[in-house]
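Spelled out from the first residue to the last, the chains are:
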Amino acid sequence: MDSKTKKELQVFATQIRMGIIEGTYNAKAGHPGGSLSSADVFAYLYGKEMRFDSSNPNWEDRDRFVLSKGHCAPGLYSALAHKGFFPVEDLKTLRHIDSYLQGHPNMNLVPGVDMSTGSLGQGVSVAVGMAKGAKYLGKDNVNVYTLLGDGEIEEGQVWEAFMFANQYGLDNLCVIIDSNGLQIDGACNDVMSAEPIDEKMKSFGFDVVIIDGNDFDRIDEAFDAFHKADKPFCIIMNTIKGKGVSYMENQVGWHGKAPNEEEYNIAMAELNAKMAELEA
C-alpha cells in the first residue's frame, strides 16, 4: 500500500472513531468498544475495498456488507455518513426517539445498510445467502463481506452458516472476525472460548489469515489474499477493544457504555490530536 492511500485510510478511521464517540455520547448509550476496534476495517472496506455508490445505495451490482455484530452500528453509521450516505451531523441522533439511526442497523431506514441485524449469529447466515444468490444470478463481480465478533461466534448458528459456505464453494464471501478478546460478560476465553478459531475455520473449508486488525498494511495484504482465493475466506483480526481512546482500550466495561461529558472531552481531544498528527 502506498503512503498516500494509507494516510487517507488512517484519516478516515479517525473520522469514524470521532463519529462513534459523538454518537454514543449524545445517545447516552451504545457500544463504543467493539465499534472502535473495528474502525480500521470499516475504513478499509468503505475507503478502498468495496464497490458502492452512495448516491444510489440500492445499486444492484454493489458489493454487500452485513454487520453481523449489529450492536457495533455506531462504527458502521459513522463510515456510511463520512462516505455521503447521509449527513454526518445525524450521527448525534443515535438512539434518539424518531431517529432512523437506532442501536442496531435497519435496512429499511438507513441508506447503505444491506441487512438489519442485532440478534447475534444471524447476520452471517444472511451473508452466505447473499453470496449464494450472487452466484445463482451469475453476478461474479459482487462480493459479500460480513463482520462478526469473537464473542458472537460462540453462537452455534454461525457454524451452520460456515458449513453452507463451504458446501456451495462461496469464494465471493469474506468472513471477518474482530477478535478483540472481550465480550459483554468478560474475556471470551473465560466465558466460552472459541479457540483455536483459525483451525476451526480451516476445518470448515475456509482459507484463513490472522492479522493485526488495526494495521492497514496487514489489512491490505489480507484482502489481497481474499481476491486470490478459490474458496470461502476468513480474516481473523486481532484488535484492541476501544482502540484509539486511551481509557477505553482493553477495558471490558466499555463494551456497552457511553462516555460522560468529561470522558467525551478526553476522547475527542485524543482523536483530534491524532487527526492533527496525520494532517501535519
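Residues numbered from 1 in each chain as written. Predicted model: local features only at pLDDT ≥ 70, side-chain atom pairs only at ≥ 80, totals over all residues. Heavy atoms only, no water.

A. Inspection of the nonpolar core at higher detail. One finds Ile21, Leu45, Tyr46, Phe65, Phe86 and Phe223 to be the most contacted residues of the largest nonpolar core, which totals 57 residues. Examining the composition of this core, we find that ten residues originate from one element, helix 1 (residues 3–27), more than from any other. Contacts of Ile21, omitting those with residues within four sequence positions, involve Leu36, Val245, Met248, Pro259, Tyr264, Ala267, Met268 and Leu271. Leu170, Leu173, Val175 and Met201 belong to the second largest nonpolar core, which has 24 residues in total. (Core = buried A, V, L, I, M, F, W, Y, C linked by side-chain atoms within 4.5 Å. Buried < 20%, exposed > 50% of the residue type's maximum accessible area, 1.4 Å probe, protein only. Helix = DSSP H or I, 4+ residues; strand = E, 2+ residues; numbered from the N terminus. Contact = heavy atoms within 4.5 Å.)

B. Focus on the packing of helix 1 against helix 10 (residues 261–279). Axis separation between helix 1 and helix 10 bottoms out at 10 Å; the angle between their running directions is 170°. Put simply, helix 1 runs roughly antiparallel to helix 10. Read as a crossing pair, helix 1 and helix 10 show a hand that is left-handed. Only Glu261, Tyr264, Ala267, Met268, Leu271, Asn272, Lys274, Met275 and Leu278 of helix 10 make contact with helix 1, whose side of the interface consists of Lys7, Gln10, Val11, Thr14, Gln15, Arg17, Met18, Ile21, Glu22 and Tyr25. Across the contact of helix 1 with helix 10, the residue classes tally to ten nonpolar, four polar and five charged. (Axes fitted to C-alpha atoms, helices over the stretch in contact; angles between N-to-C directions. Parallel < 35°, antiparallel > 145°, perpendicular 65-115°, else oblique. Left-handed = near helix turned anticlockwise from the far one by under 90°. Nonpolar A, V, L, I, M, F, W, Y, C, P; charged D, E, K, R; others polar.)

C. Up close: empty space enclosed by the protein. For the structure on display, the rule yields three cavities of 30 Å³ or more. When its volume is computed, the largest cavity comes out at roughly 80 Å³. (1 Å grid on protein atoms, 1.4 Å probe; cavity = no way out; pocket = protein on both sides within 12 Å on 5 of 7 lines; lining within 4 Å. Points joined across faces, edges and corners; volume = space filled by probe spheres on them.)

D. Geometry of helix 10. An ideal rise of 1.5 Å per residue puts 27 Å on 19 residues; helix 10 measures up with 26 Å between its terminal C-alpha atoms. Taken as a whole, helix 10 has its buried residues at Tyr264, Ala267, Met268, Leu271, Met275 and Leu278. The buried side chains of helix 10 occupy one side of the element, clustering within an arc of 95° when seen end-on. Turned more than 90 degrees from where helix 10 packs its buried face, Glu262 and Glu277 sit exposed. (Expected span 1.5 Å × (residues − 1). Arc of directions from axis to C-beta.)

E. Quick look at the pairing of strand 6 (residues 207–212). The pairing of strand 6 with strand 7 (residues 233–238) spans six bridges and is classified as parallel. Within the sheet, the bridge partner assigned to Val208 lies in strand 7 and is Cys234. Read as a crossover between parallel neighbours, the route from strand 6 over helix 9 (residues 216–228) to strand 7 is right-handed. (Pairing = 2+ DSSP bridges. Right-handed = clockwise from strand over helix to strand, strands pointing away.)

F. Quick peek at helix 4 (residues 73–82). Burial runs high along helix 4: nine of the ten residues are buried. All of the buried residues in helix 4 are Ala73, Pro74, Gly75, Leu76, Tyr77, Ser78, Ala79, Leu80 and Ala81. On the buried face of helix 4, the contacting elements are helix 1, helix 2 (32–37), helix 3 (39–49) and strand 1 (64–67). Positive backbone phi, at 90°, marks Gly84, one or two positions downstream of helix 4.

G. Representation of the side chain of Asp40 in the model. Its location among the elements puts Asp40 in helix 3. We classify Asp40 as buried; its relative accessible area is 4%. Not counting the four nearest positions on each side in its chain, Asp40 is found in contact with Ala13, Arg17, Gly213, Asn214, Phe216 and Ile219.

H. Inspection of the layout of surface pockets at higher detail. Taken as a whole, the largest pocket spans an internal volume of roughly 280 Å³. Lining the largest pocket are 15 residues, and of these Thr14, Arg17, Asp40, Lys243 and Lys274 sit closest to its centre. Of all the elements in the fold, those that place two or more residues in the lining of the largest pocket are helix 1 and helix 10. Looking at the lining of the largest pocket element by element, the count peaks at five residues for helix 1.

I. Representation of the sheet that holds strand 7. Spatially, the five strands line up as an open sheet ordered 1-2-3-7-6, and their pairing is parallel. The open sheet has two edge strands, strand 1 and strand 6, and neither has a second partner. Across this sheet, the average inter-strand angle for adjacent strands is 20°, counted without regard to direction. As paired strands, strand 1 and strand 2 (residues 144–149) are joined by four bridges and run parallel to one another. Within the sheet, the bridge partner assigned to Phe65 lies in strand 2 and is Tyr145.

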